[in-house]
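Below are the chains, spelled out letter by letter.
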Amino acid sequence: RTAGSTEEDMLRARMRLSLQEHLWEFYQTTVNIPSEEQATARRAALDICAELRVFLHAKLPDMPLREMYLSGSLYDELQVVTADHAQLMVPLILEKNLWSSIPGEDTIMNVPGFWLVRRENLEYFPRNSSYWDRCMVGGYLSPKAVLEVFDKLVAGSINWPAIGSVLDYIIRPVVPSETLTLEVQYETDRKLYVDFLPLLVMEDGTSLIAKPHRLAAERHENLWRQSFRVAETSRLRALDQEDGGCRCTCLKVAKAVCKLNPALSRLNSSQLTNAILMLSEKEGDWTQEALADRFHQLLRALVGHLEAGRLPCALNPKVNLFCELTEQEVDELGYTLYCALSDPEGLLRI
Ligand code: GDP
């Protein structure tokens, strides 16, 4: 070997960063959000939350709610690219003897992961014994009706321009929106979207959120969505803590890739988290050095799940996390990811 060709090899090696290096670079430059930006966004969300608490207590003192709180990836260090959204959780209080929950698989809709909340004892406790009876549709608590109650309040009777000028933000409800969302411009070039998310915590700890089934045919309208978010993110974090692993980094890189590639925008955090949880069951090496291998393996696993049309939830395998995708979407996602297998770095060139 001549000195010249060695130099060339080295040059080429240097120029062609490995997938591993590219992933970490992508993480640093694109995925990870500066902590100052996260803090400002959290502050804006908190200001809005405080205003809403005051308003609701004053305006509707008898509405049975537990204290509202903020949640989502912005609070778990799992938000990526820009600090631009959060959920405002609004926990409703239901009387235990008046409402019961029925798992989706025991209903004619047969959809595990969704629930009906049925009004009980109407003969002894007639309509309007419970505050939330006003949101009852056909004997069930309707998430849509609950959202409408808040929609009327938040979009209709709160003077957002006035509150915004006090807080020095521009706040306006987003219309139309399938959930109830506030757009908060808190700096000239920074916007935050805050989703209102009414929530029921059932006696056994099951969390149900008022987020409609995406392919909501009319018969799906009364379904509440079970939330696994708290359990799945804490499981992922616990695994990383046990072995100093890179699962959360892998998740964030994958989330950013899906956020920035329109062809992958249908994949959400919950699906990616569960795919990684499942991969963790058969793959032990999650050291920082293995990020590229695990990322590639995650892509392959997703292609496999898409081919099968099924991604079981790690916390309840009966739940198919792809059940709200159309066949065409499944095909398109599968195709995009399949093509990426031979050039995963292409996903990072955005
Ligand atoms: P990201 O928005 O992709 O960064 O992911 P998040 O982990 O913040 O998830 C937010 C999404 O999960 C929203 O669409 C929520 O409607 C939904 N979600 C389901 N359950 C929960 C929950 O318990 N808390 C929050 N904050 N969001 C939930």
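Before reading further, recall that the structure is shown in the block above.
Keep in mind that this is a model prediction, so the values were computed, not measured.

Rules used throughout
- Residues numbered from 1 in each chain as written.
- Predicted model: local features only at pLDDT ≥ 70, side-chain atom pairs only at ≥ 80, totals over all residues.
- Heavy atoms only, no water.
- Axes fitted to C-alpha atoms, helices over the stretch in contact; angles between N-to-C directions.
- Helix = DSSP H or I, 4+ residues; strand = E, 2+ residues; numbered from the N terminus.
- Parallel < 35°, antiparallel > 145°, perpendicular 65-115°, else oblique.
- Left-handed = near helix turned anticlockwise from the far one by under 90°.
- Contact = heavy atoms within 4.5 Å.
- 1 Å grid on protein atoms, 1.4 Å probe; cavity = no way out; pocket = protein on both sides within 12 Å on 5 of 7 lines; lining within 4 Å.
- Points joined across faces, edges and corners; volume = space filled by probe spheres on them.
- Buried < 20%, exposed > 50% of the residue type's maximum accessible area, 1.4 Å probe, protein only.
- Pairing = 2+ DSSP bridges.
- Near = heavy atom within 4 Å.
- Polar contact = N/O pair within 3.5 Å; in protein donor to acceptor, adjacent residues only side chain to side chain.
- Nonpolar A, V, L, I, M, F, W, Y, C, P; charged D, E, K, R; others polar.
- Expected span 1.5 Å × (residues − 1).

A. Quick look at the packing of helix H2 (residues 19–31) against helix H7 (residues 247–260). Two numbers describe how H2 lies on H7: the axes approach to 10 Å, and their chain directions differ by 65°. Taken together, H2 and H7 sit at an angle that is classed as roughly perpendicular. Every pair of crossing elements has a handedness; the one defined by H2 and H7 is left-handed. In this structure, H2 uses Leu23, Trp24, Phe26, Tyr27, Thr30 and Val31 to contact H7, whose residues at the interface are Thr249, Lys252, Val253, Ala256, Val257 and Leu260.

B. Focus on the layout of surface pockets. The computed volume of the second largest pocket comes to approximately 360 Å³. Forming the walls of the second largest pocket are 20 residues, and the residues nearest its centre are Lys144, Leu147, Ser177, Glu178 and Pro212. It is helix H4 (residues 143–157) that provides the largest number of residues to the lining of the second largest pocket, a total of six residues.

C. Seen up close, the pairing of strand S8 (residues 180–187). Extensive coverage of S8 is indicated by the burial of six of its eight residues. Here strand S7 (residues 170–173) pairs with S8 via four bridges, running antiparallel. Looking across to S8, one finds that Pro173 is bridged to Leu182. Between the end of S7 and the start of S8, which pair antiparallel, lie six residues. Relative to strand S9 (residues 190–201), S8 runs antiparallel, the two being bridged by seven bridges. Across the sheet, the residue bridging to Val184 is Leu192, located in S9. Two successive antiparallel strands, S8 and S9, enclose a turn made up of two residues.

D. Highlighting the site of the ligand. Lining the immediate surroundings of the ligand are 13 residues, of which Ser71, Ser73, His85, Ser227 and Ser269 lie closest. A distance of 2.5 Å is found between a nitrogen atom of the ligand and a side-chain nitrogen or oxygen belonging to Ser71. The contact in question runs from an oxygen atom of the ligand to an N or O atom on the side chain of Ser269, over 2.5 Å. Among the elements that take part in the shell around the ligand, strand S2 (residues 85–91) stands out by supplying three residues, more than any other. Its residues assigned to classes, the shell around the ligand shows three nonpolar, seven polar and three charged.

E. Quick peek at unusual backbone geometry. In this model, Glu77 sits at a positive phi of 55°, which is unusual for a non-glycine residue. If you trace the backbone, Glu77 turns up in the loop between strand S1 (69–71) and S2. Accessibility expressed as a relative area gives 45% for Glu77, which makes it partly exposed. Of note in the backbone geometry, Asp168 takes a positive phi value of approximately 65° without being a glycine. One can find Asp168 in the loop between helix H5 (160–167) and S7. Asp168 gets classed as exposed once you look at its relative accessible area, which sits at 64%.

F. Quick look at empty space enclosed by the protein. The tally for this structure, following the rule as stated, stands at one cavity of 30 Å³ or more. Every residue lining the largest cavity is listed: Ala254, Val257, Cys258, Leu264, Leu267, Leu272, Phe295, Leu299, Leu302 and Leu337. Secondary structure elements with two or more residues in the lining of the largest cavity: H7 and helix H9 (291–308). Of the residues that constitute the lining of the largest cavity, the class distribution is ten nonpolar, no polar and no charged.

G. Spatial organisation of H7. End to end, H7 covers 20 Å across 14 residues, agreeing with the expected 20 Å (1.5 Å per residue, within 8%). Summarising burial for H7: twelve of the 14 residues are buried, a large majority. Where H7 is concerned, the buried positions are Arg247, Cys248, Thr249, Cys250, Leu251, Lys252, Val253, Ala254, Lys255, Ala256, Val257 and Cys258. Contacts made by the buried residues of H7 are with H2, helix H6 (229–243), helix H8 (269–282) and H9.

H. Seen up close, the pairing of strand S4 (residues 114–119). Among the six residues in S4, five count as buried, and that is most of the element. Two elements, strand S3 (residues 99–103) and S4, share five bridges in a ladder whose sense is antiparallel. Opposite Trp99, over in S4, you have Arg119 as the bridge partner. One ladder, built from two bridges, connects S4 with strand S11 (residues 224–226); its direction is antiparallel. Its bridge partner being in S11, Trp115 is matched across the sheet by Trp224.

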